[in-house]
Amino acid sequence: MKIFIETYGCQMNVADSELVSTILQDNKFQITKNVKEADVIIFNTCSVRQNAEDRVMGRISNEMSRKSKQNLKIGVIGCMAQRLQDKLHEMNKEIDFVVGVDQYKQIPEIIENLFEKNTTFQEATLVNNDEIYKDLYPHRGGELNAFVTIMRGCNNFCSYCIVPHTRGRERSRPLNDILKEVEIAGKNGFKDVTLLGQNVNSYFFEGTNFAQLLRNINNIKTIERVRFVTSHPKDLSDEVISAMAECNKVCEHLHLAMQSGDNDILAKMNRGYTAEHYLNIVKKLRKAMPEIAITTDIIAGFPGETEEQFQKTYDLMEKVEFDYAFTFKYSPRKGTKAAEFTNQIDENVRLERLQRLIKLQESITLKKYKEQIGKIKDIYVEKISKKSDLEVAGKSRDFKITVFEGDKSLIGQFVKVKIIDAVGWTLKGKIIK
Ligand code: 5AD
Ligand code: SF4
C-alpha cells in the first residue's frame, strides 16, 4: 500500500513527516513521492495562521474528486488535526482520519482498519504530554540536511500563538537519543544537522542544558555542521552564545524571533523581554561572532498596535539589519488570549503595515547579500541547481544559498567558493581550487 505525505508549516512538521514515514515503513507501508499512485494521502498541517489552514482545506478538496474513481483515503495530521479534531470531519466528510501530534504511532493501525475492516471515520487526538517518540530514528531521504527534534511542545503561551494549545507542554528528548540520532545521520551522509524545537534554548534533560547539548554535539565526528531553530530571546543565555562561538561545528547563524519592537506590545504578546534586551543580545552575538547571520520573525498589526508602536518595530528592524525576516500579518487564532482582545486592527491596516516591513527587509537583505561579494565561503553542496544542470547549489555556514558551476560529484562535499554576485536571496560564486 502506498502513502503520500504532504507537509505544511514549520520544520518541526517536516521532521514529524519523516517520523510518520518511518513509522509507516516499519509497518510495511510504502512511501511514494507520486500523489497519483497513492492509496492514502496524509496532510501534515499547520494552524499558526488562518491562511495556512485555508490552503490545506483547498488542497483536500482538490484531491477528493478522485475518491469516486478509486479507493483513496485522506488523513489529516499535525496541528490542525489537534486543534479541530472531529470538527474536521464535519467540515469535510471526505476526510477519513484525523490524528493529533502525540498519536502518530497509531497511524498504521488506523489505515489498516479503514481498508481491511472497512471502518468509517477514525480519530486519534488524545493529548499525551509525555510522548517524545523515543527510540524512533527517522529514515532520511532527500536533501543532505538532517532535522533532529530535541524537544516537543511549548510552555510560553505567547498571547497570539496556537502552538502551546496544539503541541502541548514542553518536553526534552534524552541526551543520548539525540546524540545517537545525530551520529547516525552523519554516518548516512547528512553532514549538516538542524536541531529542532519550539523553544530550543530551554532544552533540559537530567542536568544537561542547551549549551551543554551543543558542546556534546560538537564532539560528534560524523557531522560537520550544526544549527538550531527556534530560539527565544528570553532564554538565549550568555552560556549559549559562548558555546556557539567556541564550538567550531556550530554555524554562525541564528534565528531569533523579535515579533515586535515596542515594549508594550511585547508585554501584551507575553514575550518576556524588551526591545532593549533584544538589541543587547544582537550586540553580544555580533561581538562573539562577527560573521553571524541573524534572521527573525515579525508580526504586523497585533491587537491595539498604534502607528507609533508599529514604527518602533520598523525602526528596530532597520537598526538590527537582519539577514532575512519572516514577516506576518497578525491572524487571530481562536482559543488564544489575543484573539479575545477587543482592539483588533483593521485587516487593511495590518496588510499595509506588513507590506512596509516586507519592502524594508527586501532592501536590507539585498544590501547584506551584496556585502558578501568578494568573500570566500565554505559551501556544503546539497543538489543540482534548479535553474541549470551545469550548476550546483548549497549553503554557507551563515545560511545563504549559493549557486556555482559544478556537477553532481560535488553533492555532499564542502567546497570553497568565491562570491561574485548576489541576486535576490541567492549568492552566485566560483569554486576556488
Ligand atoms: N498571527 C501571525 N503570526 C503568527 N505567528 C505565530 N502566531 C501567529 C499569529 N496568530 C508567527 C510568529 C512566529 C512564527 C512561527 O509565526 O512570528 O514566530
Ligand atoms: Fe508560539 Fe511563543 Fe511558543 Fe513560539 S515561543 S511556539 S511563538 S507560544
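Note that this is a predicted model, so its numbers are computed, not measured. Just so you know, the residues in each chain are numbered from 1, in the order the chain's sequence is written. Chains and ligands are labelled sequentially in the order written, the chains with letters from A and the ligands with numbers from 1. This being a predicted model, a pLDDT of at least 70 is required before a residue's local features are given, and a value of 80 or more before pairs of side-chain atoms are given or counted; all residues contribute to the totals for chains, interfaces and linings. Values reported for side chains reflect all heavy atoms of the structure, with hydrogen atoms and water molecules removed beforehand.

Trainee: So what exactly am I meant to see when it comes to the packing of helix 12 (residues 307-320) against helix 13 (residues 347-370) here?
Mentor: A packed helix pair is summarised by two numbers, namely the angle formed by the two axes and the spacing between the axes. Between the N-to-C directions of two axes lies an angle of 0 to 180 degrees, each axis being a line fitted to C-alpha atoms and, for a helix, fitted only over the stretch in contact. Put simply, DSSP marks the helices as runs of H or I at least four residues long and the strands as runs of E at least two long, and each gets a number from the N terminus on. Contact pair helix 12 / helix 13: the axes reach a minimum separation of 10 Å and the direction vectors enclose 15 degrees. Judged on the interaxial angle alone, helix 13 and helix 12 are roughly parallel. You can see that helix 12 and helix 13 cross each other, and the crossing is right-handed. Touching E307, F310, Q311, Y314, M317 and E318 of helix 12 are R353, R356, L357, L360, Q361 and I364, all from helix 13. Each residue gets one of three labels, nonpolar for Ala, Val, Leu, Ile, Met, Phe, Trp, Tyr, Cys and Pro, charged for Asp, Glu, Lys and Arg, and polar for the others, Gly among them. Partitioned by chemical class, the residues of the contact of helix 12 with helix 13 number 6 nonpolar, 2 polar and 4 charged. What sets the label is the angle itself: under 35 degrees gives roughly parallel, over 145 gives roughly antiparallel, 65 to 115 gives roughly perpendicular, and the rest give oblique. In a left-handed crossing the near helix is turned counterclockwise from the far helix by less than a right angle, and in a right-handed crossing that turn is clockwise. Contacts are residue-level and defined by heavy atoms, with any inter-residue pair within 4.5 Å sufficient.

Trainee: In this structure, what is going on with empty space enclosed by the protein? I would like to understand it.
Mentor: The gaps of empty space that remain are located by a probe, the size of a water molecule, rolled over the atoms. Note on definitions: the grid is 1 Å and covers protein atoms alone; a cavity is a set of points where a 1.4 Å probe fits but cannot get out; a pocket is an open set with protein on both sides within 12 Å along at least five of seven lines; lining residues have an atom within 4 Å of a point. Grid points are joined across faces, edges and corners, and a volume is the space filled by probe spheres set on the points. Applying the stated criterion to the full structure yields 1 cavity of 30 Å³ or more. In terms of lining, the largest cavity is formed by 14 residues, of which the most central are L19, P138, T149, R173 and E181. The set of elements that each furnish at least two residues to the lining of the largest cavity consists of helix 1 (11-26) and strand 7 (145-149). Considering each element in turn, the lining of the largest cavity owes the most residues, 4 residues, to helix 1. Here the residues of the lining of the largest cavity are counted per class, giving 8 nonpolar, 1 polar and 5 charged. Marked domain ranges trace back to an automatic or database domain assignment. Two domains each donate at least three residues to the lining of the largest cavity, and these are domain 1 (2-124) and domain 2 (140-251).

Trainee: Whenever I open this one, the site of ligand 1 confuses me. Can you help?
Mentor: Near ligand 1, the surroundings consist of V48, R49, Y160, Q259, D297, I299, F328, K329, Y330, S331 and R333. Counted as a polar contact is a pair of N or O atoms within 3.5 Å, where, for protein atoms, one must be capable of donating a hydrogen and the other of accepting one, and residues adjacent in sequence contribute only when both atoms are in side chains. A distance of 3.0 Å is found between a nitrogen atom of ligand 1 and a backbone nitrogen or oxygen belonging to Y160. Interatomic distance of 2.7 Å between a side-chain N/O atom of D297 and an oxygen atom of ligand 1. When the free accessible area of ligand 1 is taken as 410 Å², the share hidden by the protein chains comes to 86%. Of all the secondary structure elements, the ones that give two or more residues to the shell around ligand 1 are strand 15 (293-300) and strand 16 (324-329). Of the residues contributing to the shell around ligand 1, the split by class is 5 nonpolar, 2 polar and 4 charged. Residue proximity to a molecule or strand is established when one non-hydrogen atom of the residue lies within 4 Å of it. Note that accessible areas follow from Shrake-Rupley with a 1.4 Å probe, and for residues the cover is restricted to the protein chains shown.

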